[in-house]
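# A closer look at the structure
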Amino acid sequence: MAVRRPRIFSDRNPKRGLKRSRLSVLAVISCWLVVLSTPALSISTLSTPISIQEISATPPPTVHNDLLIADQALIAQVDQDPIDQDLIDHGSALFAAGHLADAAEVWQQAATQYSAQHNGLAKARALHYLAIAYFNMGQWRQAQQANTESQTALKENPQTGAVLLGASLNLQGQLQLVLGQIEQSIDTWKQAAVAYEAAGDLTGKLGAQLNRAKALQTLGHHQQSQQLLERLQSSIETQSDLVVKVTGLRLLGTALQSMGDLEQSQTLLTNGLDIAQQLAATTPHFADQVGAMRISLGHTLAARQQTMAALDQFQAAAAIARQPQSRIEAQLNQLRLLIDTELKAEFRAELKAQQGSQPVQQLLSTLPAQLPTLSPSRERVYATVNFAASWIQVYSAAPMVIPSTVQQGDIAQLLANAVQVARSLSDTRAEAYALGQLGHLYETVQQGAEAQQLTRQAIGLSEGIDAPDLQATWQWQLGRLLKQEGKRTEAIAAYSHAVDALKSLRQSLSSFNADRQFSYLEKVEPVYRELVALLVAGNADPTQQAQIQQAQLQQAQLQKARELIEALQLAELDNFFHQACLQATPQSIDTIDATAAVVYPIILPDRLAVIVARPGKPLAHYETLLPKAELEAILTQLRRYLNPHFFETDQRRLSKQVYDWLIRPGQALFAETQTLVFVLDGALRNVPMGALYDGQQYLIERYSIALSPGLQLLDPQPLNKGSLSALTGGLSEAQQGFSALPAVDAEINQIAATLPATMLLNRAFTTQRLEQTLQKTPFSVVHLATHGQFSSQAEETFLVTWDGRVNVQDLDAMLLPRRQAVNQPLALLVLSACQTATGDQRAALGLAGMAIRSGARSTLATLWQVNDDSTAILMKQFYQQLLETPSMTKAEALRAAQLSLLKQPQYQHPFYWSPFVLVGNWL
């Protein structure tokens, strides 16, 4: 008897490709008629909708398992195996129907029975299936135990169990990944690939290798990952079996999509689609592969901002789908993308012209009737929740778009039915997910009591399973509800639980595909900000918050707020790198610099809050009531006016306005301070702090200034000036479409005259020569005078060489040996001709990313490309001050160099001297 091998699947698209057992019509109807015993949604009590953050537009990720594939060789062996398969068959049927807990119970019975019969191979298979069931339920430890026992049984049958070993090792790698054991998973997937190859399963080998490439990238081993992917691509493209080739192209294209190589992902998926369409012309059932390929391609196109092309792929996938689940999946993707575009005015005309009028309304109208046609399964639960989340997003942003035929009560009923389906399947995770989303619906329509009741139920279920992603989501939701009721203490507790859950997810969030990661801007950053806002608000009556004095605030709350700001910086950098690669060490300014003060501004919706840390003194706090939009508008205007083409009076007026908000309220706190260290937030990063003006002088005229992504990432060792050596490189000639920098010759030669230096100029400044030179000699200073760009996207953060570009990941790989050489650290990285990307409000994040990724203790860079001649002068002054005055810190040397320009009439405008910023160690 043939056995349907259970496949590990993702929450977004569970059991893709798995045959489903048919349920009786009566069973379907009974599931549909059961109503959740919660208060009915009272339409009469609805009030005007408020705009809130979307909670979960797509199901939260459980595991990173796109690349887990069915083991055809194993299925073939099971077909030929004379062992009684009744229990395994029964478990497979339950699994296919979505009854994971029941399937696990049956497979546990099978394992026990086969153990009593001393049938090691059958026991190993049953335990492997049991591990898969636990894996899909999010019960990682139980899955690990079952899989380990399966492998132990396999060792007793090394010949007959060879085909199962690859699948078992592949699952082991997935378990290690979700448990944060990434280095171990890399080795395990290497073993899995060998086992698959020995079993003759080339597709399995490909899946294991792609998993390994992703894990390598997660750990920051970009070159190894890239080399492996290149070998895989070559192997796939020369594959003669077109069916295997199509599968390989889709898997590799999806993997590249998750790693940020969108252009190559699009190329491979497009090629795979062409081949899949050719196969479908002669083999009708291959249309399913065409649909899957179109959906993958649609995600890549959407990530590349090719919205119309992505929508075309989703629409085409829905049109050719042979199964309701496939069609609904494509339509839900289409709806989600439409919501992100149609609600923006600039897309409306194009969308209506190409897709007819009101495509969002059409999908919102048609999908509710399709969802109940799905068999009761996890797929149905998640598809329903996905649709409900999209409906809520539209309702919150543009309620007039909601069709009259699908109102709040209809969505509540759909979600209530989804809860009942999850309960009938004993799927606790799906039930918690649906309950929480139903609570979100009640929150959206401002029925707080019902929302709290449902949210607490979802939290209770989430705590009973290993689901920190759900705990983070629903604890945040509970915190919002409690805050709205004015229950500040309880709200802080809920938000704190949400933050703790996010911290536990830190490594996992970087391991999932990009389209399944928590969106940093939507689901991580707001949790931290809202909790900080609660902590600094004090205990006074809300009407008196503007008059709260710093003495009234408890130090414990300020300390927690400060830690949250630093944690937020870390989370943002994790999001920038798409991996949790940073090692944080809590530190205090008391032990670093007795003359410095650390300034933590944080932009909140209605105010600018500032926390100040000074050596040996309590934390201080002050704030300015100020709408976020107004602050960001002034910062954008100031950045534009820091240009000599505008009137200096306008620039100083704006600089003074920001000074009055950020510095003046706490000016007395800095009486004994020599260096101000800013841990900047949001749009404040785009503005040089030294250019703030108090009405008489610039901030740089009073203090040395440094920037830091947080003291937790600081290496506080002072500069050893006695053994400095430099690698200097750059381009004075026009190259790669960038203009010439004639003064670079003088800049590099001046540095060589100041300290021992190796020079790579123009044609010698190639990517390969730079890498070879960096790895050959342990320079303490690397000075690169070349064009470059800082962006909020790591892929768009780069330096220009003679023959190409070095992005932040390339630089990381080049300097990896230096970071590992503890006794020869890179003390200073200078990037003297870079700029932040135009129009990118978070572009300065790329500067922090480059500074962190280089491993340099300090990085000196520019926020915009400044005058070539003035840069050469400033750099000469910086190195002279730094080396000729033994006690001078890097921050003081930079200040002296900036003041030397400010005193020269032709360069006294902030445009020339203010964009030079020191990031990291200022000592």
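Residues numbered from 1 in each chain as written. Predicted model: local features only at pLDDT ≥ 70, side-chain atom pairs only at ≥ 80, totals over all residues. Heavy atoms only, no water.

Contact pair helix 26 (residues 555-577) / helix 32 (residues 844-854): the axes reach a minimum separation of 10 Å and the direction vectors enclose 85 degrees. Comparing the axis directions of helix 26 and helix 32 gives the class roughly perpendicular. Counted together, E572, L573, F576 and F577 of helix 26 and L845, G846, A848, G849, I852 and R853 of helix 32 form the full contact between these two elements. Residue composition of the contact of helix 26 with helix 32, grouped by class: six nonpolar, two polar and two charged. (Axes fitted to C-alpha atoms, helices over the stretch in contact; angles between N-to-C directions. Helix = DSSP H or I, 4+ residues; strand = E, 2+ residues; numbered from the N terminus. Parallel < 35°, antiparallel > 145°, perpendicular 65-115°, else oblique. Contact = heavy atoms within 4.5 Å. Nonpolar A, V, L, I, M, F, W, Y, C, P; charged D, E, K, R; others polar.)

Attention shifts here to the packing of helix 8 (residues 182-198) against helix 9 (residues 202-218). At a closest axis distance of 8 Å, the pairing of helix 8 and helix 9 adopts a crossing angle of 165 degrees. By the angle between their directions, the pair helix 8 and helix 9 is classed as roughly antiparallel. Along this stretch, helix 8 crosses helix 9, giving a crossing that reads as left-handed. On the side of helix 8, the interface is formed by I182, S185, I186, W189, K190, A192, A193, Y196 and E197, while helix 9 contributes G204, K205, A208, Q209, N211, R212, A215, L216 and T218. When its residues are assigned to classes, the contact of helix 8 with helix 9 shows nine nonpolar, five polar and four charged. (Left-handed = near helix turned anticlockwise from the far one by under 90°.)

This part is about helix 20 (residues 428-444). For helix 20, with 17 residues, the first-to-last C-alpha span of 24 Å sits near the 24 Å given by 1.5 Å per residue. Summarising burial for helix 20: 16 of the 17 residues are buried, a large majority. Looking one or two residues past helix 20, Q446 carries a phi angle of roughly 65 degrees, positive in sign. (Expected span 1.5 Å × (residues − 1). Buried < 20%, exposed > 50% of the residue type's maximum accessible area, 1.4 Å probe, protein only.)

Scanning the entire structure with this criterion turns up 14 aromatic pairs. Between W864 and F911 the ring centres are 6.2 Å apart and the planes differ by 15 degrees, which places this aromatic pair in the stacked class. With W864 in the loop between strand 12 (858-862) and helix 33 (868-884) and F911 in helix 35 (residues 910-913), the pair connects residues that are 47 residues apart, well separated along the chain. Like F911, W864 is buried. Ring pairing ties together the aromatic residues W864, Y907, F911 and Y912, which thus form one cluster. Here R480 stacks its cationic end above the ring of W476, 4.6 Å away from the centre of that ring. Here R805 stacks its cationic end above the ring of F798, 4.1 Å away from the centre of that ring. (Phe/Tyr/Trp six-rings, centres within 6.5 Å; stacked < 30°, edge-to-face > 60°. Lys NZ or Arg CZ within 6 Å of the ring centre and 35° of its normal.)

Before going further, it helps to examine the pattern of salt bridges. Counted by the stated rule, this structure contains 23 salt bridges. The salt bridge involving E623 is made with R607; its shortest N-O contact spans 3.1 Å. Taken together, the positions of E623 in strand 3 (residues 620-625) and R607 in strand 2 (residues 607-613) put the pair 16 residues apart, joining distant regions of the chain. By relative accessible area, E623 is classed as partly exposed at 22%. Of the residues examined, R607 reaches a relative accessible area of 6% and is grouped as buried. (Salt bridge = Lys/Arg side-chain N within 4 Å of Asp/Glu carboxyl O.)

Moving on: the side chain of N921. For N921, the location among the structural elements is in the segment after strand 13 (916-920). Judged by its relative accessible area of 1%, N921 is buried. A polar contact of 2.7 Å, which involves the side chain of N921, links it to the backbone nitrogen of L923. Discounting residues that sit within four places of it in the chain, N921 has contacts with L714, D715, P716, Q717, R857, S858 and K890. (Polar contact = N/O pair within 3.5 Å; in protein donor to acceptor, adjacent residues only side chain to side chain.)

Right, let's talk about unusual backbone geometry for a bit. Despite not being glycine, Q305 shows a phi value in the positive range, around 65 degrees. With respect to the helices and strands, Q305 occurs in the loop between helix 13 (287-303) and helix 14 (307-320). With a phi close to 65 degrees, Q446 is a non-glycine residue in the positive phi region. Structurally, the position occupied by Q446 is in the loop between helix 20 and helix 21 (448-464).

Moving on to the nonpolar core. Ranked by size, the top nonpolar core spans 256 residues in total, and within it F670, F678, L692 and W922 carry the most contacts. Of the residues forming this core, the biggest block, 11 residues, is contributed by helix 26. Contacts of F670, omitting those with residues within four sequence positions, involve A597, V599, V612, Y622, I663, L676 and Y703. Of all hydrophobic cores here, the second largest spans 29 residues; its members include I88, W107, A122 and L130. (Core = buried A, V, L, I, M, F, W, Y, C linked by side-chain atoms within 4.5 Å.)

This part is about the environment of L816. By the element assignment, L816 lies in helix 31 (residues 808-820). Linking L816 and L774, residues 42 residues apart in sequence, is a C-alpha distance of 10.0 Å.

The next point concerns the environment of W476. Here W476 shows up in helix 22 (residues 468-484). Distance from W476 to A493, taken between C-alpha atoms, is 10.0 Å for residues 17 residues apart in sequence.

This part takes up the confidence of the model for the protein chain. Summarising the model, the protein chain shows a mean pLDDT of 83, and 84% of its residues fall at 70 or more. Note that residues 539-550 has pLDDT below 50 and, in this model, 14 contacts with residues that lie over four places away or in other chains. (pLDDT = per-residue confidence, 0-100.)

Here we come to the pairing of strand 6 (residues 726-730). If a strand is regular, its side chains alternate between the two faces of the sheet. Burial runs high along strand 6: five of the five residues are buried. On strand 6, burial covers both faces: A726, T728 and G730 on one face and L727 and G729 on the other are all buried. As defined by bridge partners, strand 6 adjoins strand 7 (residues 757-761) across five bridges and the pair is classed as parallel. Bridging from a neighbouring strand, G729 pairs with L760 of strand 7. A crossover links strand 6 with its parallel partner strand 7, the connecting element being helix 29 (residues 744-754), and its sense is right-handed. Summarising the sheet, strand 6 and strand 8 (residues 781-790) pair through five bridges and their orientation is parallel. In the strand pairing of strand 8, L727 is matched with V782. (Pairing = 2+ DSSP bridges. Right-handed = clockwise from strand over helix to strand, strands pointing away.)

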